[in-house]
Amino acid sequence: MSAEPLAYEEQPDEDRSRYRGVLRFYELAKHQEWLVRDLPWGEIAPVPEGRGSPQRQARRRDVWRSVVMQQLQADVLACEMASQLLNAAPDPEAKLYYSTMVQDESRHTEAWLKLIGQLGGEGERDPHLDTLGHMFLEADTLEEKVFLMQVFFERLIIPRFRLIARSSRGTILEDLCNRLAIDDGIHHGAGMAYERVLLEGASQKVKDELIVAANRMLPEFAAHALWRPKAREMIGHLMEARDRERLKTELDHGVRLANSLGLDISEVALPF
Ligand SMILES: [Fe+2]
Ligand SMILES: [Fe+2]
């Protein structure tokens, strides 16, 4: 008999079928893998180009830079979070999946760094995003980390990518946002699949804590979604009503997701 540990698919006595869903997302992630150099750098504009006076163009560029900065900040935090998940997950199928998520988040970061380099460098940080990052990183249980990051955050962020893509047609930014919407769709799906398995064996106490965590996170996510740096303050005011409307729909959806995981969501309070 060999002293080498058996790979997960060779373990005869243990039924691993519960993890099939997670494994499916591992395969999907491998299939969807892309490289930063696949983007048409230098062939098309990084972000939409402004018209009018040089001052006006500079102002436009600052607006786009702030959009890119917020996503860069989110993906740097996601790198830390994904590697925490890789380290914390005890199941081989989940570890395999998280090894791809670490690569995704770090590829996203690389792309944002390249993009912001073409826009004059980093800008103002979104303080709410930093707070959200701390909540994820300091969450006590694996169930809570998966719940906050993959079930909520990565799902709630997808419509934002679509929105940015729609307003930046024909640019690197559009291309990148479309790729990230797909990647985060996989991250979210994998999180749902894994959280379902984790909650099968979880105590009521762990489940109750997820609701508490959701209540802590949702108002902060709302603040993050509505936050505007100085460069976008003007546009921010013009769009606020529409943003709130959209955000409410997204948060409602987040609550339904918790429900589909079998959590009692009657205690979740929406920030509006
Ligand atoms: Fe990402
Ligand atoms: Fe992600």
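Here, every reference points to the structure presented above.
Treat the numbers as computed from the prediction; the structure is a model and nothing was measured.

Time to look at the coordination of the iron ion (ligand 1). In this structure, Asp-75 (OD), Glu-105 (OE) and His-108 (ND1) serve as the protein donors to the iron ion (ligand 1), at separations of 2.0 to 2.2 Å. Mapped onto the sequence, the residues coordinating the iron ion (ligand 1) show the spacing D-x29-E-x2-H. The metal-metal distance between the iron ion (ligand 1) and the iron ion (ligand 2) is 3.5 Å, with Glu-105 serving as a donor to both. A residue pair is termed long-range when its members are at least 10 positions apart, and Asp-75 in helix H2 (residues 54–88) and His-108 in helix H3 (residues 92–117) qualify at 33 residues. His-108 shares its class with Asp-75; the two are buried.

By size, the foremost hydrophobic cluster in this structure holds 85 residues, and its most contacted members are Tyr-97, Trp-112, Phe-147 and Tyr-194. No other element matches the 14 residues that helix H7 (residues 172–200) contributes to this core. Not counting residues within four places of it along the chain, the set of residues in contact with Phe-147 comprises Phe-152, Glu-195, Leu-210, Ala-214, Ala-258, Leu-261 and Leu-263.

Next up on the list: the coordination of the iron ion (ligand 2). Within the protein, the atoms that donate to the iron ion (ligand 2) are Glu-105 (OE), Glu-154 (OE), Asp-184 (OD) and His-187 (ND1), at distances of 1.9 to 2.3 Å. The site at the iron ion (ligand 2) holds four donor atoms, and with the angles between them running 83 to 159°, its shape is irregular. Look at where the donors of the iron ion (ligand 2) fall in the sequence and you get E-x48-E-x29-D-x2-H.

The final tally for this structure, using the stated rule, is five aromatic pairs. Relative to Phe-153, the ring of Phe-136 lies with its centre 5.8 Å away and its plane at 75°, an arrangement referred to as edge-to-face. With a gap of 17 residues between them, Phe-136 in helix H4 (residues 127–138) and Phe-153 in helix H5 (residues 142–156) connect regions that are remote in the sequence. Owing to a relative accessible area of 7%, Phe-136 belongs among the buried residues under this scheme. Taking relative accessible area as the criterion, Phe-153 reaches 10% and is therefore assigned buried.

Attention now moves to the state of the cysteines. Within the structure shown, the criterion is met by zero disulfides. With no disulfide of its own, Cys-79 lies closest to Cys-177 among cysteine sulfurs, the gap being 17 Å. For Cys-79, a relative accessible area of 21% corresponds to the partly exposed category. A residue is classified by how much of its surface remains accessible, and Cys-177, at 0% relative accessible area, is buried.

Together, Arg-51, Arg-56, Arg-59 and Arg-60 make up a positively charged patch on the protein surface. Position of Arg-59 relative to the elements: it lies in helix H2. Take Arg-59: its relative accessible area is 56%, and that puts it in the exposed class.

The next subject is the packing of H5 against H7. With their axes 8 Å apart at the nearest point, H5 and H7 run at an angle of 145° to one another. You can see that H5 and H7 cross each other, and the crossing is left-handed. Contact residues: H5 offers Leu-142, Glu-143, Val-146, Phe-147, Gln-150, Val-151, Glu-154 and Arg-155, while H7 offers Asp-184, His-187, His-188, Ala-190, Gly-191, Met-192, Tyr-194, Glu-195, Leu-198 and Leu-199.

Our focus in this paragraph is the packing of H4 against H5. Two quantities define a packed helix pair, namely the angle between the axes and the distance from one axis to the other. Packing of H4 against H5 leaves a shortest axis separation of 7 Å and a crossing angle of 135°. On the basis of their axis angle, the class for H4 and H5 is oblique. Contacts between H4 and H5 involve Leu-129, Leu-132, Met-135, Phe-136, Leu-137 and Glu-138 from the former and Lys-145, Leu-148, Met-149 and Phe-153 from the latter. Of the residues contributing to the contact of H4 with H5, the split by class is eight nonpolar, no polar and two charged.

Side-chain pairing between opposite charges can occur once the charged atoms of the two side chains come close. Counting across every chain of the model gives 13 salt bridges. Arg-18 is paired through a salt bridge with Glu-200; the nearest N and O atoms lie 2.9 Å apart. Here Arg-18, found in the segment before helix H1 (20–32), pairs with Glu-200, found in helix H7; they are 182 residues apart in sequence, far enough to count as distant. Judged by relative accessible area, Glu-200 falls into the exposed class, the value being 53%. Residues Asp-62 and Arg-65 are paired through a salt bridge, measuring 3.7 Å at the closest nitrogen-oxygen approach. With a gap of three residues between them, Asp-62 and Arg-65 both fall in helix H2, about one helical turn apart.

Rules behind the numbers
- Residue indices follow the written sequence of each chain, beginning from 1 at its first position.
- Chain letters and ligand numbers both follow the written order, the letters beginning at A and the numbers at 1.
- Reporting in this predicted model follows two pLDDT cut-offs: at least 70 for local features of residues, and 80 or more for side-chain atom pairs to be given and counted; totals over whole chains, interfaces and linings ignore these cut-offs and use all residues.
- Only hydrogens and water are set aside; all other atoms, that is, all heavy atoms of the structure, feed into the side-chain values.
- Donor atoms are limited to N, O and S found within 2.8 Å of the metal ion, a distance that becomes 3.2 Å for Na, K and Ca. With water left out, some sites might look partial.
- Numbering of helices and strands runs from the N terminus; a helix is a DSSP stretch of H or I covering at least four residues, while a strand is a stretch of E covering at least two.
- Relative accessible area decides the class of each residue, using a 1.4 Å probe on protein chains only: under 20% of the type maximum gives buried, over 50% gives exposed, and in between gives partly exposed.
- In plain words, nonpolar cores are sets of buried Ala, Val, Leu, Ile, Met, Phe, Trp, Tyr and Cys residues tied together by side-chain atoms within 4.5 Å.
- Throughout, a contact is declared for two residues whenever any of their heavy atoms are within 4.5 Å.
- Every angle between 85 and 135 degrees makes a four-donor site tetrahedral, while opposite donors more than 155 degrees apart, with all other angles between 65 and 115, make a four-donor site square planar and a six-donor site octahedral; other sites are irregular.
- A pair of aromatic rings is counted whenever rings of Phe, Tyr or Trp (Trp by its six-membered ring) have centres within 6.5 Å, and the orientation is called stacked for planes under 30 degrees apart, edge-to-face for over 60 and tilted otherwise.
- A pair of sulfur atoms, both from cysteines and within 2.5 Å, is called a disulfide here.
- Patch criteria: residues need more than 30% relative accessible area and no salt bridge. Like-charged residues are merged within 9 Å; nonpolar side chains of Val, Leu, Ile, Met, Phe, Trp and Tyr are merged within 5 Å.
- Note on areas: Shrake-Rupley, 1.4 Å probe, and residue coverage restricted to the protein chains presented here.
- The salt bridge criterion pairs a side-chain nitrogen of Lys or Arg with a carboxyl oxygen of Asp or Glu, the two atoms within 4 Å.
- Counted charges follow a simple rule, with Lys and Arg positive, Asp and Glu negative, and His plus the chain ends left uncounted.
- Every charge is mapped onto a representative atom, which is NZ of Lys, CZ of Arg, CG of Asp or CD of Glu.
- Geometry is summarised by axes, namely lines fitted to C-alpha atoms with helices restricted to the contacting stretch, and by angles between N-to-C directions that run from 0 to 180 degrees.
- Here a crossing is called left-handed whenever its near helix is offset anticlockwise from the far helix by less than a right angle, and right-handed whenever the offset is clockwise.
- By the definition adopted for this analysis, an angle is roughly parallel if under 35 degrees, roughly antiparallel if over 145, roughly perpendicular if from 65 to 115, and oblique otherwise.
- Amino acids outside the nonpolar list (Ala, Val, Leu, Ile, Met, Phe, Trp, Tyr, Cys, Pro) and the charged list (Asp, Glu, Lys, Arg) are all regarded as polar, and Gly is one of them.

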